[in-house]
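The chain contents come next:
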Amino acid sequence: MEPFISTFIYFIAAIIIVIIGLVIFEWLTTKYKDWEQVRDGNQAIALSIAGKIIGICIILAFAIYHSIDVVETLIWGAYGVVLQLIAYLIFEGITRKFSVEDQLKANNVAVGIISFAVSVGLAFVIGSSIT
């Protein structure tokens, strides 16, 4: 019975960390509200959010695999969210010819795809470094 309980605890922890991560990203984006844009059909922002969700979950999967308990997983998960935030800020910073946030708001799907790839790709790097 213990594996079922552990799985449920990790499941709940993952949902909480993903929600916290998305709330933090919502605060970070000042030019639009993520979920209003998704409701209105903005595919670029939907791709960006999907990348963040998948990215955080990839990091959590590595953390669960390599951690000894839920607390350690939560610490790695929180650290992963912070690193994902840094990655987003770096992505915004290196695109000097345009604002990622403005392009996402304008429903530029190409920028949404790259944002998705940055989140997912770096999640594998972050996750694989967890030992």
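Parameters and conventions
- Residues numbered from 1 in each chain as written.
- Predicted model: local features only at pLDDT ≥ 70, side-chain atom pairs only at ≥ 80, totals over all residues.
- Heavy atoms only, no water.
- Core = buried A, V, L, I, M, F, W, Y, C linked by side-chain atoms within 4.5 Å.
- Buried < 20%, exposed > 50% of the residue type's maximum accessible area, 1.4 Å probe, protein only.
- Helix = DSSP H or I, 4+ residues; strand = E, 2+ residues; numbered from the N terminus.
- Contact = heavy atoms within 4.5 Å.
- 1 Å grid on protein atoms, 1.4 Å probe; cavity = no way out; pocket = protein on both sides within 12 Å on 5 of 7 lines; lining within 4 Å.
- Points joined across faces, edges and corners; volume = space filled by probe spheres on them.
- Nonpolar A, V, L, I, M, F, W, Y, C, P; charged D, E, K, R; others polar.

K.L.:
Tell me what's going on with the nonpolar core, and back it up with residues and numbers.
P.N.:
The tendency in soluble globular proteins is for nonpolar side chains to be buried side by side. Grouped together as the largest cluster of nonpolar side chains are 18 residues, with contacts concentrated most on Ile56, Tyr88, Val100 and Leu104. Among the elements of the structure, helix H1 (2–28), helix H3 (43–66), helix H4 (70–94) and helix H5 (100–105) are those that each provide at least two residues to this core. Apart from the residues lying within four places of it in its own chain, the contact partners of Leu104 are Tyr32, Asn42, Ala44, Ile45, Ser48, Tyr88, Val111 and Gly112.

K.L.:
Just give me the short version of empty space enclosed by the protein, but keep the residues and values in it.
P.N.:
Applying the stated criterion to the full structure yields 2 cavities of 30 Å³ or more. Roughly 60 Å³ of volume is contained in the largest cavity. Around the largest cavity sit Phe25, Lys52, Gln84, Ala87, Tyr88, Phe91, Ser115, Val118 and Ser119, which together line it. Secondary-structure elements contributing two or more residues to the lining of the largest cavity are H4 and helix H6 (109–128). Grouping the constituent residues of the lining of the largest cavity by class yields 5 nonpolar, 3 polar and 1 charged. Looking at the second largest cavity, the residues that line it are Phe25, Thr29, Tyr32, Asp34, Ile45, Ser48, Ile49, Lys52 and Leu104. If you tally residues by element for the lining of the second largest cavity, the top one is H3, at 4 residues. Each residue belonging to the lining of the second largest cavity can be placed in one class, and the counts come to 5 nonpolar, 2 polar and 2 charged.

Take it as geometry only, folks, not as evidence of what the structure does.
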